[in-house]
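Structural overview for review
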Amino acid sequence: MLFIWYPKCSTCQKAKKWLDSHEIKYTERHIVEENPTYEELKEWHQKSSLPLKKFFNTSGMLYKELKLKDQLPKMSEDEQLKLLATNGMLVKRPVLVAEDKVLVGFKEAEWKNI
């Protein structure tokens, strides 16, 4: 599994602690140092069955600065994916990528199922 996180994020820290306490093996990736690519985001979006908006860090400063709440509805899915690929701080985290499933954000009940 691939665990994509931002170390200063408290939710990411909780998720990492949860993975470790359940002895789940994963590869760790810093979301800002190695931002998800357009291709990765497109694949993860398809695997997740989530609306693309769920991949945006809607509580982040950059999201608010760019006024994305108003912009996203006007953008195509392709444009949104390209935007997400420009900056890891736009992407909701943590992201857990398994072989056939992708989880965005940390909800323990969802993570137990993976």
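These notes cover the structure that comes with them. Computed from a prediction, not measured in an experiment: that's the story for all the values here.

Moving on, we get to the packing of helix H2 (residues 38–48) against helix H5 (residues 77–84). In the contact formed by H2 and H5, the axes pass within 8 Å of each other and the chain directions differ by 125°. In this view, H2 runs oblique relative to H5, as classed from their interaxial angle. By crossing handedness, the relation of H2 to H5 is classed as right-handed. Between H2, through Tyr38, Leu41, Lys42 and His45, and H5, the contact on the second element is made entirely by Glu77, Asp78, Leu81, Lys82 and Leu84. The class makeup of the residues in the contact of H2 with H5 is 4 nonpolar, 1 polar and 4 charged.

This paragraph deals with the side chain of asparagine 57. As for its position among the elements, asparagine 57 is in the loop between H2 and helix H3 (61–65). By relative accessible area, asparagine 57 is classed as buried at 11%. Here methionine 89 takes part through its backbone oxygen, which lies 3.4 Å from a polar atom of the side chain of asparagine 57. Apart from the residues lying within four places of it in its own chain, the contact partners of asparagine 57 are Tyr63, Met89, Leu90, Val91, Lys92 and Arg93.

A few words on the packing of aromatic side chains. This model, assessed by the stated rule, comprises 7 aromatic pairs. Seen in terms of ring centroids, phenylalanine 106 and tryptophan 111 are 4.9 Å apart; in terms of plane orientation they differ by 85°. Their pairing is edge-to-face. You'll find phenylalanine 106 and tryptophan 111 in the same group, each marked buried. These aromatic residues form a ring-pair network of at least three members: Phe3, Trp5, Trp18, Tyr26, Phe106 and Trp111.

Calculation criteria
Residues numbered from 1 in each chain as written. Predicted model: local features only at pLDDT ≥ 70, side-chain atom pairs only at ≥ 80, totals over all residues. Heavy atoms only, no water. Axes fitted to C-alpha atoms, helices over the stretch in contact; angles between N-to-C directions. Helix = DSSP H or I, 4+ residues; strand = E, 2+ residues; numbered from the N terminus. Parallel < 35°, antiparallel > 145°, perpendicular 65-115°, else oblique. Left-handed = near helix turned anticlockwise from the far one by under 90°. Contact = heavy atoms within 4.5 Å. Nonpolar A, V, L, I, M, F, W, Y, C, P; charged D, E, K, R; others polar. Buried < 20%, exposed > 50% of the residue type's maximum accessible area, 1.4 Å probe, protein only. Polar contact = N/O pair within 3.5 Å; in protein donor to acceptor, adjacent residues only side chain to side chain. Phe/Tyr/Trp six-rings, centres within 6.5 Å; stacked < 30°, edge-to-face > 60°.

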